[in-house]
Amino acid sequence: MSHDDAVRARFAATAEGVAAHAREQVEQVREQLRAFLAPLSGDERALDVGTGAGTLALALAPLIGEVVGVDLVPELLEAARQEAPVNATFVEGDATALPFESFSFDLACSRRTLHHVSRPELALAELARVTKLGGRVFVDDQIAPVDPLAAFELDRFERRRDPSHHRTLADGDFRDLFAANTLVLIRGEHFTHRRELDYYLGLAGCAGDDAERVKDISPGDRDHYLAESAWYLCEKR
């Protein structure tokens with residue numbers, strides 16, 4: 001089974017729970033994006049790569065002119081379409097080979113997706129390719145610890161919890177990828193999340209004896225773990 005197949009299988013099996021989780025977050029994400037992406041003119045054309053059940057796309061839709069969400073998983077796309085306003089469309093596609101012409105979007109986004117992608121450097125290059133000169137790229141993702149051993153242990157935990165996980169990039173990895181794609185970082189913010197382990201195990205479809213084994217290697221304790229994430233906003237030069 002390829003990694004893409006693992007992603008499809010994991011999210012197809014958990015689509016109902018993922019869609020419910022997505023719906024709960026839309027309003028909060030909208031208010032966060034309204035501030036972080038400011039100024040928005042209201043007529044931007046945006047792309048959401050790895051849209052899943054559409055959290056980011058649906059959050060953006062009232063703030064801009066048009067948004068297109070792309071994902072590998074048909075079941076999640078169908079859930080997103082059920083919630084979609086007229087200016088939001090959802091299409092099946094690969095983050096590393098986007099079905100759009102270069103310079104097609106004012107804003108290209110990826111929310112909590114790149115750690116699921118086996119070649120994140122290709123996905124980031126595609127985000128840059130489809131963005132207009134002077135346009136912006138927004139990335140939200142989990143961040144690996146600086147300590148290589150801690151990063152290894154985090155990925156071991158995440159893969160056991162969620163087979164669609166590939167690798168968590170460090171802050172420096174993201175900054176290198178931005179620079180390699182002529183993306184200039186104009187805004188960034190870091191976050192620490194205290195997550196309820198049982199909830200996130202369930203969200204990934206990890207249950208029973210598998211869940212108990214994952215709790216044994218939690219980077220926190222058997223009830224909670226801490227996750228670091230970052231938001232980045234870049235301009236394409």
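This text follows the structure it describes.
Reference entry: report on the structure contained in this document.

Turning next to the packing of aromatic side chains. For the structure on display, the rule yields 11 aromatic pairs. Each ring, one from Phe 157 and one from Tyr 225, has its centre 4.9 Å from the other, and the planes form 65°; the classification is edge-to-face. Placement of Phe 157 in helix 6 (residues 148-161) and of Tyr 225 in strand 7 (residues 224-236) is noted, with a sequence separation of 68 residues between them. Aromatic pair Phe 178 and Tyr 232: ring centres 5.2 Å apart, planes at 65°, arrangement edge-to-face. Of the two residues, Phe 178 is situated in helix 7 (residues 171-180) and Tyr 232 in strand 7; the sequence distance between them amounts to 54 residues.

Here we take up the sheet that holds strand 2 (residues 66-71). Strand order in this open sheet of seven strands is 3-2-1-4-5-7-6, and the pairing throughout is mixed. The open sheet terminates on both sides in strands that have one partner only, identified here as strand 3 (88-92) and strand 6 (183-196). Between one strand and the next, the sheet's axes are offset by a mean angle of 15°, whatever the strand orientation. Strand direction decides the pairing type here: strand 4 (residues 105-111) and strand 5 (residues 131-142), joined by six bridges, are parallel. Each bridged residue has a counterpart across the sheet, and for Phe 105 the counterpart in strand 5 is Thr 131. With respect to the sheet, helix 2 (residues 15-36) is in contact with strand 4, strand 5, strand 6 and strand 7, its orientation differing from that of strand 7 by roughly 45°. Those strands touched by helix 5 (residues 120-129) are strand 1 (45-49), strand 4, strand 5, strand 6 and strand 7, and its axis lies near 145° from that of strand 5.

This part is about the nonpolar core. Counting residues in hydrophobic clusters, the biggest one holds 27 residues, and the most contacted among them are Leu 47, Phe 100, Leu 124, Val 139, Phe 174 and Phe 178. Listed by contribution, the elements that provide at least two residues to this core are strand 1, strand 2, strand 4, helix 5, strand 5, helix 7 and strand 7. Per-element accounting of this core gives the leading share, four residues, to helix 5. The contact partners of Phe 178, leaving out residues within four places of it in the chain, are Leu 124, Val 139, Leu 183, Leu 185, Tyr 232 and Cys 234. By size, the runner-up hydrophobic cluster in this structure holds 24 residues, among which are Val 26, Ala 59, Ala 88 and Leu 107.

What counts and what doesn't
Residues numbered from 1 in each chain as written. Predicted model: local features only at pLDDT ≥ 70, side-chain atom pairs only at ≥ 80, totals over all residues. Heavy atoms only, no water. Phe/Tyr/Trp six-rings, centres within 6.5 Å; stacked < 30°, edge-to-face > 60°. Helix = DSSP H or I, 4+ residues; strand = E, 2+ residues; numbered from the N terminus. Pairing = 2+ DSSP bridges. Axes fitted to C-alpha atoms, helices over the stretch in contact; angles between N-to-C directions. Contact = heavy atoms within 4.5 Å. Core = buried A, V, L, I, M, F, W, Y, C linked by side-chain atoms within 4.5 Å. Buried < 20%, exposed > 50% of the residue type's maximum accessible area, 1.4 Å probe, protein only.

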